[in-house]
Amino acid sequence: MNENVSRALHERASRRLPGGVNSPVRAFRAVGGSPIFFEKARGAFLFSADGDTYLDCIGSWGPAILGHANERVVEAVQRVATDGLSFGAPTEREIVFAERIAALYPSIEMMRAVSSGTEACMSALRVARGFTRRDVIVKFEGCYHGHADALLVKAGSGAATFGVPDSAGVSSSAANNTLTLPYNDIEALRALFEARGKDIAAIIVEPVVGNMGCVPPAPGFLETLIELCAAHGAVSILDEVMTGCRLAPGGAQQRFGLKPAMTCLGKVVGGGLPLAAYGGRAEIMQQVAPLGPVYQAGTLSGNPVAVAAGLATLDQLTPALYEHLEALGARLEDGLRRGLEASGIPGVVQRVGSMITLFFSEGPVRNWGDADRCDRKRFASWHRGLLERGVYWPPSQFEAAFLSGAHTLDDMDRISAASAEALQALR
Ligand SMILES: *Cc1c(COP(=O)(O)O)cnc(C)c1O
């Protein structure tokens, strides 16, 4: 593959955009080399500015569950756009959207539409603090909930530690009410509630982590979390921005039978346009302005075109789609594992539904400590090997790959073959 055009575009972009991109992971820093620029996407494929075609395993980082440029979604966007792009006033379509979300997510009695997952998580926490009149929030090491100040915090190891900002520009005061715990550590969770239960406003968690690579919850972890919150008057928040409508139409909470107090949605619910939402129990959401004292607003919130794309996507979340995604995932999981075994290179494949990661790790990855021990150099070489074979995999060891309804079982075999070859070249 000849990436000359992309390289030139990246050079040009870098003069006006930090790192040449509008979101950091796109810059390929974790794997080296320069990012590929794209002109077009259709179904399971991406078409680069260099004239190459890639089998896409990123799906715009989650939204493209139906594949790219899905006909019905594009048609809805075109039709609704001709009636006006934004009114700054309510529309019936927003009610339909909230009703559909409530039908899919019985825990979301009321919701508010926003424009990004970052906004959804930031706002949900503000509401939880307003509702409980407490300040402390708890997150897990390695979970990502967007880039709001209070959430850009990582932990020390072991027991809960007071937050230290993870990014320059985040004041210690914005971060020091954020406590962090290791993911999947039920004992640490219990100990924290014993010590600080009456101070905790909310716990926010990715029910299946995608943002340290794909890490499933340990049995009982999420159930315990929700129970402890309820017992101590804290708000449990499932951040389903990634898992929502991906692991089931009703997200991880449907898949695992959970009922959180609040939920954040994004990615799939917007069908590729900027649309996200947060919601939950009515008595909590009644705190939101103009009904209650917690302020939260947005000029483009519930944008008609974005909501139309979201609805056209929700319309197509059929049982057949999820059966297909499960079959694709199982086939790819098996194929990647065989390639690893044949190569003798240590690694594990972790998957939940259509989220999957190959970790260059000696054993299972259950939390950030495990993820952090992966061989990132090896990942970078493997990633390069996949690219050279026309497979566009997330350019970081710590990002899950996503499959879509537009993929076929043959596509899975092609990815497995590319991986096996790339692994052989690494030995
Ligand atoms: C992507 C993501 C976010 C942030 O959403 P943006 O739309 O990128 O702001 C929040 N939480 C999780 C779990 C995500 O995967």
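Let us look at the structure shown here. (Residues numbered from 1 in each chain as written. Predicted model: local features only at pLDDT ≥ 70, side-chain atom pairs only at ≥ 80, totals over all residues. Heavy atoms only, no water.)

## Quick notes on the overall build of the protein
Cut-off, in case you're wondering: Segments assigned H or I by DSSP are reported as helices when at least four residues long, segments assigned E as strands when at least two residues long, and all are numbered from the N terminus. Radius of gyration here is computed from C-alpha atoms only, and the compact-globule reference equals 2.2 Å multiplied by the residue count raised to the power 0.38. Buried means the residue's accessible area, taken with a 1.4 Å probe over protein chains only, is under 20% of the maximum for its type, while exposed means over 50%, and partly exposed covers the values in between. In what follows, a contact means two residues having at least one pair of non-hydrogen atoms within 4.5 Å. Only the protein chains shown count as cover for residues, with accessible areas throughout obtained via the Shrake-Rupley method and a probe of 1.4 Å.
Along the protein, the regular secondary structure elements total 14 helices and 17 strands. Here the protein has a C-alpha radius of gyration of 21 Å; the compact-globule value for 427 residues is 22 Å, and the two agree. Structurally, the protein occupies a C-alpha span of about 55 × 55 × 45 Å along its principal axes. Buried positions account for 56% of the 427 residues belonging to the protein. Excluding contacts between residues fewer than 6 apart, the proportion of contacts in the protein whose partners are at least 24 apart in sequence is 72%. Accessible surface, the protein: about 17,800 Å² in total, of which carbon and sulfur atoms supply 52%.

## Description of the side chain of Asp 52
Formally: Here the positive residues are Lys and Arg and the negative ones are Asp and Glu; neither His nor the chain ends is included. Put simply, a salt bridge is a Lys or Arg side-chain nitrogen that is within 4 Å of an Asp or Glu carboxyl oxygen.
Mapped onto the elements of the fold, Asp 52 is located in the loop between strand 2 (45-48) and strand 3 (53-56). Although Asp 52 is buried, it forms no salt bridge, and the closest oppositely charged side chain is Arg 384 at an N-O distance of 8.9 Å. The contact partners of Asp 52, leaving out residues within four places of it in the chain, are Met 1, Asn 2, Leu 46 and Phe 47.

## Remarks on the sheet that holds strand 3
This is how it is decided: Whether two strands pair comes down to DSSP finding at least two bridges between them. Under this scheme, a helix contributes an axis fitted over its contacting stretch, all axes are lines through C-alpha atoms, and angles between N-to-C directions fall in the 0 to 180 degree range.
In space, the 4 strands of this open sheet follow the order 1-2-3-16, with mixed pairing throughout. In this open sheet, the two edge strands, each paired with only one partner strand, are strand 1 (38-42) and strand 16 (391-392). Here strand 3 pairs with strand 16 via 2 bridges, running parallel. Across the sheet, Asp 56 pairs through a bridge with Tyr 392, a residue of strand 16. Against the sheet, helix 14 (residues 409-426) contacts strand 2, strand 3 and strand 16, and its axis sits at roughly 105° relative to strand 3.

## Here's the deal with the pattern of salt bridges
Summed over all chains, the structure comprises 17 salt bridges. Note that Arg 376 and Asp 372 form a salt bridge whose closest N and O atoms lie 2.2 Å from each other. The partly exposed category is assigned to Arg 376, whose relative accessible area is 39%. Judged by its relative accessible area of 37%, Asp 372 is partly exposed. Glu 421 is the partner of Arg 389 in a salt bridge, and the nearest nitrogen-oxygen pair spans 2.8 Å. Highlighted residues: Arg 389 in the loop between helix 13 (376-388) and strand 16 and Glu 421 in helix 14, separated in sequence by 32 residues. For Arg 389, a relative accessible area of 29% translates into the label partly exposed. Here the salt bridges do not stand alone but share partners, grouping Arg 255, Glu 326, Glu 333, Arg 337 and Arg 351 into one network.

## Observations regarding the packing of helix 6 (residues 186-196) against helix 7 (residues 221-232)
Convention followed: Every angle not falling under 35 degrees, over 145, or within 65 to 115 is termed oblique; those three ranges are roughly parallel, roughly antiparallel and roughly perpendicular. Three residue categories are used. Nonpolar comprises Ala, Val, Leu, Ile, Met, Phe, Trp, Tyr, Cys and Pro, charged comprises Asp, Glu, Lys and Arg, and polar comprises the others, including Gly.
With their axes 10 Å apart at the nearest point, helix 6 and helix 7 run at an angle of 5° to one another. By the angle class used here, helix 6 and helix 7 are roughly parallel. Touching Ile 186, Leu 189, Arg 190 and Phe 193 of helix 6 are Phe 221, Thr 224, Leu 225, Leu 228, Cys 229 and His 232, all from helix 7. Of the residues contributing to the contact of helix 6 with helix 7, the split by class is 7 nonpolar, 2 polar and 1 charged.

## Brief notes about the pairing of strand 12 (residues 262-265)
Selection rule: Note on handedness: a clockwise path from strand one over the helix to strand two, with the strands aimed away from the viewer, defines a right-handed crossover.
Going residue by residue along strand 12, you find Met 262 and Cys 264 tucked away on one face and Thr 263 and Leu 265 tucked away on the opposite face as well. Taken together, the 4 bridges between strand 11 (residues 235-240) and strand 12 define a ladder with parallel strand orientation. Bridge assignment links Leu 238 to a residue of strand 12, and that residue is Thr 263. Tracing the backbone out of strand 11, into helix 8 (residues 251-256) and back to the parallel element strand 12 gives a crossover that is right-handed. Relative to strand 13 (residues 276-280), strand 12 runs antiparallel, the two sharing 4 bridges. Bridging from a neighbouring strand, Met 262 pairs with Gly 280 of strand 13.

## Quick look at the packing of helix 2 (residues 71-81) against helix 10 (residues 304-314)
The following threshold applies: With the far helix as reference, a near helix turned anticlockwise by less than a right angle produces a left-handed crossing, and one turned clockwise produces a right-handed crossing.
The N-to-C vectors of helix 2 and helix 10 enclose an angle of 150°; their axes lie 8 Å apart at closest approach. Our classification of the angle between helix 2 and helix 10 gives roughly antiparallel. For the element pair helix 2 and helix 10, the recorded crossing hand is right-handed. The segment helix 2 lies against helix 10, with Arg 72, Val 73, Ala 76, Val 77, Val 80 and Ala 81 engaging Pro 304, Val 305, Ala 308, Ala 309, Ala 312 and Thr 313. Looking at side-chain class alone, the contact of helix 2 with helix 10 contains 10 nonpolar, 1 polar and 1 charged residues.

## Description of the nonpolar core
Counted only if it meets this: Buried Ala, Val, Leu, Ile, Met, Phe, Trp, Tyr and Cys residues that are joined via side-chain atoms within 4.5 Å together make up what is termed a nonpolar core. Here the bounds of each domain stem from an automatic or database domain assignment.
Counting residues in hydrophobic clusters, the biggest one holds 64 residues, and the most contacted among them are Phe 97, Ile 101, Trp 382 and Trp 393. Per-domain counts for this core show at least three residues from each of domain 1 (4-69 + 318-426) and domain 2 (71-314). Residues Phe 140, Leu 189, Leu 192 and Ala 371 belong to the second largest nonpolar core, which totals 32 residues.

## Side note on the sheet that holds strand 17 (residues 401-402)
Ordered by their spatial adjacency, 3 strands build an open sheet running 14-15-17, and the pairing between neighbours is antiparallel. Here the strands that pair on one side only, and so sit at the sheet edges, are strand 14 (348-352) and strand 17.

## A look at the environment of Arg 373
The condition that has to hold: N or O atoms within 3.5 Å of each other form a polar contact, as long as, within protein, one can give a hydrogen and the other can take it, and as long as residues adjacent in sequence are counted only when both atoms are side-chain atoms.
Mapped onto the secondary structure, Arg 373 falls in the loop between helix 12 (368-372) and helix 13. On the accessibility criterion, Arg 373 (63% relative accessible area) is exposed. Sequence separation of Arg 373 and Asp 413 is 40 residues, and the distance between their C-alpha atoms is 29 Å. A distance of 3.4 Å separates a polar side-chain atom of Arg 373 from the backbone oxygen of Gly 369. Side chain to side chain, Arg 373 and Asp 370 meet in a polar contact 2.7 Å long.

## Comments concerning the site of the ligand
Our working rule: Any residue with a heavy atom positioned within 4 Å of a molecule or strand is treated as near that molecule or strand.
Around the ligand, the neighbouring residues are Ser 116, Gly 117, Thr 118, Tyr 144, His 145, Gly 146, Glu 206, Asn 211, Asp 239, Val 241, Met 242 and Lys 267. Here an oxygen atom of the ligand sits 3.1 Å away from a polar atom, N or O, in the side chain of Asn 211. With respect to the ligand, the side chain of Lys 267 contributes an N or O atom lying 2.6 Å from an oxygen atom.

Everything listed here is a matter of coordinates, which is why it stays silent on function.
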